[in-house]
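# Structural description and commentary
Take a look at the letters that make up each chain.
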Amino acid sequence: MPRIAYLDYNATTPLDSRVLQAMLPCLQEEWGNPSSVHDWGQSARYAVEKARAQVADLVGVSDEHLIFTGTGSESICQVLHSVAKKWRGQSCHILTSAIEHPATLRSLEQLHQDGMIQYSTVLPEHSGWIDPKRVESMIRSDTRLISIMSANNETGIIQPLPEIAGLARSRGIAIHSDMVQSLGKINLRFDDLQLDFASFAAHKIYGPKGIGALAFREKGDLIPLLHGGGQEMGLRAGTENTAGIVGFGAAAALCREFLPEEATRITRLRDQFEEQLKKKIDGLHILGADQTRLPGTSCICFEALLGTYLVQDLAAEGIAISSGSACRVGESKPSHILLAMGIDPELARGAVRFSLGRFTTEDEILQAAELTRRAVLQLRQNPEKI
Ligand SMILES: Cc1ncc(COP(=O)(O)O)c(C=O)c1O
């Protein structure tokens, strides 16, 4: 298949070549085990701690409050399990939203099935925004944790995390945020928000896959998922993925340096892309157009069309997009996020997500807009594909 434009940055991002350069020494010369006392080991330890400082700097937390994990999902899972275990034997209610990533929703469902917790999901407004008042109205006397994402992966809508965190704090309830999609794209800082936990992943910010991070306020509030050699402050056993960690650090440093200008450039491209589509195609709805969104995310419902066919047809033309979350490839049922927003299921079936990023060019979005116009027209003329 040809490759014309990659517009699926919310699924994953390419490795920045500067990140690769930073990683190479860890794979070639500095391959020691960071726990070893000899020079090989100590060089690797130095590299890991430098990267920790870089990621912590982007997250807005001090180094000793951040550990590396395997993925964003693992970080989320560790927080939810820690809270459930902390309150074992007492009633434990976790409040989340209906538009969270499956890493949150499925972990909560599993903990619930295991009899460890009860949980409730707050519905967003029709706009996709989570009203803090709705969160407040669902707090119970046994609510131990509120877990709300900072920005949604499908719509890009930025949630009122400062208000929700304030609400949790004023009631003595712990607060976690899945910040996997917002890291490096908008300036949200862990310490300023006074969060208890936050989860991150390197592969959304031009770093490598298979490396995540977890920021925490109190070490004692976390319980390891993996037991063994005591790495990562005793919170995540296993010899460190040194190259992955160094890559995460380098990726974070680049985001920290270029965030404001990159966000402006990508937002401008996204807006230009949406203008093009509106001009060229009838019957489309841009979700969250009146909300504050992540710079590069554009979730669009096309009337009289099945999103998965559009994704396939555009893939054949060399345009990479997704229908909702990449984690649900092959499913044609509407996304749980759009359904929770109260989008008509018929319309929600026509949803696709375009997500732009660091390497997206104007030429790419112009080509993508034109190929989308053609694909939508063809699909709407084909009764078998409606
Ligand atoms: C909002 C959100 N949370 C969590 C995750 C899971 O991250 P990872 O793939 O690193 O486990 C993703 C990945 O798509 C995401 O978009």
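Scroll up for the structure.
Now for a look at the structure at hand. (Residues numbered from 1 in each chain as written. Predicted model: local features only at pLDDT ≥ 70, side-chain atom pairs only at ≥ 80, totals over all residues. Heavy atoms only, no water.)

## Details of the packing of aromatic side chains
Heads up, the rule is: Ring geometry is summarised as follows: Phe, Tyr and Trp rings, the Trp one being its six-membered ring, pair when their centres sit within 6.5 Å, and such pairs are stacked at plane angles under 30 degrees, edge-to-face over 60 and tilted between the two. Helical segments are the DSSP runs of H or I of at least four residues, strand segments are the runs of E of at least two, and each set is numbered from the N terminus. Exposed residues in this analysis have more than 50% of their type's maximum accessible area, buried residues have under 20%, and partly exposed residues fall in between, with area computed by a 1.4 Å probe over protein chains only. The criterion is that NZ of a Lys, or CZ of an Arg, lies within 6 Å of the ring centre and within 35 degrees of the ring normal, and then a charge sits over that ring.
All told, the structure shown has five aromatic pairs when counted by the stated rule. When the ring of Tyr206 is compared with that of Phe359, the centres are 5.8 Å apart and the planes differ by 90 degrees; the resulting orientation is edge-to-face. Taken as a pair, Tyr206 in the loop between β7 (197-201) and β8 (212-216) and Phe359 in the loop between β12 (351-355) and α12 (362-380) lie far apart in primary sequence, 153 residues in all. Among the residues examined, Phe359 registers a relative accessible area of 36% and is labelled partly exposed. Through successive ring pairs, a cluster of aromatic residues spans Tyr6, Tyr9, Tyr206 and Phe359. Cation over ring: Arg144 sits above Trp87, and NZ or CZ is 3.9 Å from the ring centre. The cationic tip of Arg358 hangs over the ring face of Tyr206; the distance from NZ or CZ to the ring centre is 4.0 Å.

## Description of the packing of helix α1 (residues 17-28) against helix α8 (residues 242-280)
Convention followed: Interaxial angle, 0 to 180 degrees, is taken between N-to-C directions of lines fitted to C-alpha atoms, where a helix line uses only the stretch in contact. Any angle that falls under 35 degrees is termed roughly parallel, while one over 145 is termed roughly antiparallel, one within 65 to 115 roughly perpendicular, and all others oblique. Two helices cross in a left-handed way if the nearer one is turned anticlockwise from the farther one by less than a right angle. They cross in a right-handed way if the turn is clockwise. The contact criterion used throughout is that any non-hydrogen atoms of two residues lie within 4.5 Å. Under this grouping Gly is polar, as are all residues other than the nonpolar Ala, Val, Leu, Ile, Met, Phe, Trp, Tyr, Cys and Pro and the charged Asp, Glu, Lys and Arg.
The geometry of α1 relative to α8 is characterised by a closest axis approach of 8 Å and an angle of 155 degrees between their N-to-C directions. Between α1 and α8, the interaxial angle falls into the category roughly antiparallel. Note on packing geometry: the crossing formed by α1 with α8 is right-handed. Where α1 abuts α8, its residues Arg18, Val19, Ala22, Met23, Cys26 and Leu27 lie against Thr242, Ala243, Gly244, Val246, Gly247, Ala250, Ala251, Leu254 and Phe258. Taken together, the residues of the contact of α1 with α8 sort by class into 11 nonpolar, three polar and one charged.

## Things to note about the environment of Thr69
Rule in force here: Counting of polar contacts relies on pairs of N or O atoms within 3.5 Å, with two restrictions inside protein: one atom must be capable of donating a hydrogen and the other of accepting it, and residues adjacent in sequence are counted only when both atoms are side-chain atoms.
The residue Thr69 is located in strand β2 (residues 66-69) in this model. With 171 residues separating them in the primary sequence, Thr69 and Glu240 have C-alpha atoms 8.9 Å apart. Those residues in contact with Thr69 that lie beyond four places of it in its chain are Glu74, Ser75, Gln78, Gly210, Ile211, Gly212, Ala213, Leu214 and Arg236. Reaching out from Thr69, the side chain makes a polar contact with the side chain of Ser75 at a distance of 2.8 Å.

## A word on the nonpolar core
To be explicit about the condition: Residue types Ala, Val, Leu, Ile, Met, Phe, Trp, Tyr and Cys, when buried and joined through side-chain atoms within 4.5 Å, form a set referred to as a nonpolar core. Each domain's limits were defined by an automated method or a database of domain assignments.
Core analysis: the biggest nonpolar cluster contains 66 residues, and Val59, Phe68, Ile146, Leu195, Phe200, Phe248 and Leu338 have the highest contact counts within it. Looking at which element gives the most residues to this core, the answer is α8, with nine residues. Here this core gathers at least three residues from each of two domains, domain 1 (5-13 + 259-385) and domain 2 (17-254). In this structure, Phe200 is in contact with Val59, Thr71, Gly72, Ser75, Met179, Val180, Leu183, Gly212, Ala213, Ala215 and Phe248, ignoring residues within four places of it in sequence. If you look at the next biggest cluster of nonpolar residues, it comprises 27 residues, including Leu269, Val311, Leu356 and Val376.

## Notes on the packing of helix α2 (residues 39-59) against α8
Axis separation between α2 and α8 bottoms out at 8 Å; the angle between their running directions is 35 degrees. As for the relative orientation of α2 and α8, their crossing is left-handed in sense. Mapping the contact onto sequence places Ala44, Ala47, Val48, Ala51, Gln54, Val55, Asp57 and Leu58 in α2 and Thr242, Ile245, Val246, Phe248, Gly249, Ala250, Ala252, Ala253, Cys255 and Arg256 in α8. Residues that form the contact of α2 with α8 fall into these classes: 13 nonpolar, three polar and two charged.

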